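Examination of the molecular architecture
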Amino acid sequence: MANLHRIQVVDSHTGGEPTRVVISGGPDLGTGPLSERVQRLSSQFDPFRSAVVNEPRGSDVLVGALLVAPHAPDCDFGVIFFNNVGVLGMCGHGTVGLMVTLAHLGRVRPGTHRIDTPVGPVSATLHEDGQVSVANVPSYRHKSSVVVQVPGIGAVSGDVAWGGNWFFLVRSPVWELSIQNVETLTDVSWRIRQAVNAQGFPEVDHVELFGPPGCGGHSRNFVLCPGKAYDRSPCGTGTSAKLACLAADEKLAPGQVWIQEGILGSSFQGEYQWEDRVRGRVLPVVTGTAHVTAEATLILSDVDPFQWGIRPD
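If you're wondering where the values come from, they're calculated on a predicted model, not measured in any experiment.

About the cut-offs
Residues numbered from 1 in each chain as written. Predicted model: local features only at pLDDT ≥ 70, side-chain atom pairs only at ≥ 80, totals over all residues. Heavy atoms only, no water. Salt bridge = Lys/Arg side-chain N within 4 Å of Asp/Glu carboxyl O. Buried < 20%, exposed > 50% of the residue type's maximum accessible area, 1.4 Å probe, protein only. 1 Å grid on protein atoms, 1.4 Å probe; cavity = no way out; pocket = protein on both sides within 12 Å on 5 of 7 lines; lining within 4 Å. Points joined across faces, edges and corners; volume = space filled by probe spheres on them. Helix = DSSP H or I, 4+ residues; strand = E, 2+ residues; numbered from the N terminus. Nonpolar A, V, L, I, M, F, W, Y, C, P; charged D, E, K, R; others polar. Expected span 1.5 Å × (residues − 1). Phe/Tyr/Trp six-rings, centres within 6.5 Å; stacked < 30°, edge-to-face > 60°. Lys NZ or Arg CZ within 6 Å of the ring centre and 35° of its normal. Disulfide = S-S within 2.5 Å.

Thoughts on the pattern of salt bridges
- Summed over all chains, the structure comprises 14 salt bridges.
- Here glutamate 275 ties to arginine 281 by a salt bridge, and the two come within 2.9 Å at their closest N and O atoms.
- Since its relative accessible area comes to 40%, glutamate 275 is described here as partly exposed.
- Here the residues in one salt-bridge network are Arg141, Asp159, Arg171 and Asp249, joined through shared partners.

Here it is in structure tokens:
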């Protein structure tokens, strides 16, 4: 007789990018700061991460969100995000998806809620119309106008910035950002990431390309995530990093709205206030919407050869 373990999840998408919120059935990560618990998830329970988001139950593009008890005393709940290759510090689209999911379940009402994450508390406001505004962690540009030599491409310049995850935001050259060009964009971005990592920035695991808008925004982006899947949304942490760079270059004033399109044409609205102008740290707010797509029970059977997902190792 097989032993079965059940995991309750709710799926949603934010601008086309999926989020899978684990409601129950997750591992016991103990107590303490989420920065410690996320390391426990990574070191002791990585098969659980893989089972939830990897094939055959998930896909490379899926982002998981494990609901946990908060550590910060002013937070209503905590969340740990993860994807096809590991854990994440923060996830903007995932936070929007989380709020819409909790509203769908009747666990939150319109208003502002504090959420504990491994990189610090954030606030998320659920609006009456269903949109969600995420007041993200302080974001900043770490290094401006970095030039790396990328095999097969040549010199690529960009900025290294933090928006809850580490990004290399490409300034030049510029590629055609269309869904028809995704294979080329993925290959280019992966080469750039490897070059950036090798040339002094090993922490960078997201690459963000930019081009002209196509749906009335200010810019269009293509974001390659750590596991080589591209972000279908405009990427919340990537938009936060972009806001930090715009602020540093004095191209966007505090409170001024920036509309960031993603590769599918879906968009986020972003704005910021200065936290520390001298140090170049901004407080970004990113607004978007999500839609619930499924309620499901994942079943892990100990006689299933892919109980823990299809893993590269």
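Some details on the layout of surface pockets
- In this structure, the largest pocket occupies an estimated 260 Å³ of space.
- In this structure, the largest pocket is lined by 14 residues; those nearest its centre are Val170, Arg171, Phe210, Lys242 and Lys251.
- Elements that contribute at least two residues to the lining of the largest pocket include exactly β10 (166-172), β11 (206-211) and α5 (236-248).
- Considered class by class, the residues forming the lining of the largest pocket number eight nonpolar, one polar and five charged.

Focus on empty space enclosed by the protein
- Within this structure, the stated rule accounts for one cavity of 30 Å³ or more.
- In this structure, the largest cavity is lined by 20 residues; those nearest its centre are Leu88, Cys91, His206, Cys225 and Asp231.
- Elements supplying a minimum of two residues to the lining of the largest cavity: α3 (92-104) and α5.
- Residue composition of the lining of the largest cavity, by class: nine nonpolar, eight polar and three charged.

Things to note about α5
- Here α5 contains 13 residues, and its C-alpha end-to-end distance of 18 Å stays within 8% of the 18 Å for a straight helix at 1.5 Å per residue.
- Of all 13 residues making up α5, twelve are buried, and the element is well covered by its neighbours.
- Along α5, the residues classified as buried are Gly236, Thr237, Gly238, Thr239, Ser240, Ala241, Lys242, Leu243, Ala244, Cys245, Leu246 and Ala247.

Quick look at the packing of aromatic side chains
- Tallying each qualifying case throughout the model produces five aromatic pairs.
- Considering the side-chain rings of phenylalanine 222 and tyrosine 230, the 5.7 Å spacing of their centres and the 25° angle between planes classify their relative orientation as stacked.
- Among the aromatic side chains, those forming a connected cluster through ring pairs are Tyr140, Trp162 and Trp166.
- The ring of tyrosine 230 is capped by arginine 232, whose NZ or CZ atom sits 3.8 Å from the centre of that ring.
- Sitting over the ring of phenylalanine 210, lysine 242 keeps its end group 4.1 Å from the ring centre.

With respect to the environment of serine 267
- As for its placement among the helices and strands, serine 267 is situated in strand β14 (residues 267-276).
- Overall, serine 267 belongs to the partly exposed group, its relative accessible area being 39%.
- Remark: the alpha-carbon pair of serine 267 and threonine 289, spanning 22 residues in sequence, is separated by 9.3 Å.

Some remarks on the state of the cysteines
- Under the counting rule described, the total for this entry stands at zero disulfides.
- Take cysteine 91: it sits in no disulfide, and the sulfur closest to it among the cysteines is that of cysteine 235, at 7.2 Å.
- A relative accessible area of 6% places cysteine 91 in the buried class.
- Residue cysteine 225 stays outside any disulfide, its sulfur separated by 6.0 Å from that of cysteine 235, the closest cysteine.
- Looking at cysteine 225, the relative accessible area reads 13%, which means it is buried.

Some remarks on unusual backbone geometry
- Omega for the bond connecting glutamate 55 with proline 56 falls within 30 degrees of zero, at 10°, which places this linkage in the cis form.
- Inspection of the secondary structure puts proline 56 in the loop between α2 (46-53) and β3 (63-68).
- The linkage connecting serine 172 with the following residue, proline 173, adopts the cis geometry, with an omega of 0°.
- With phi around 75°, lysine 228 is a residue other than glycine that occupies positive phi space.
- Within the secondary structure, lysine 228 sits in the loop between β12 (219-224) and α5.
- Owing to a relative accessible area of 43%, lysine 228 belongs among the partly exposed residues under this scheme.
- Even without a glycine there, the phi angle at cysteine 235 is positive, about 70°.
- Relative to the helices and strands, cysteine 235 is located in the loop between β12 and α5.
- Judged by relative accessible area, cysteine 235 falls into the buried class, the value being 4%.

Taken by themselves, the reported measurements are silent on function.
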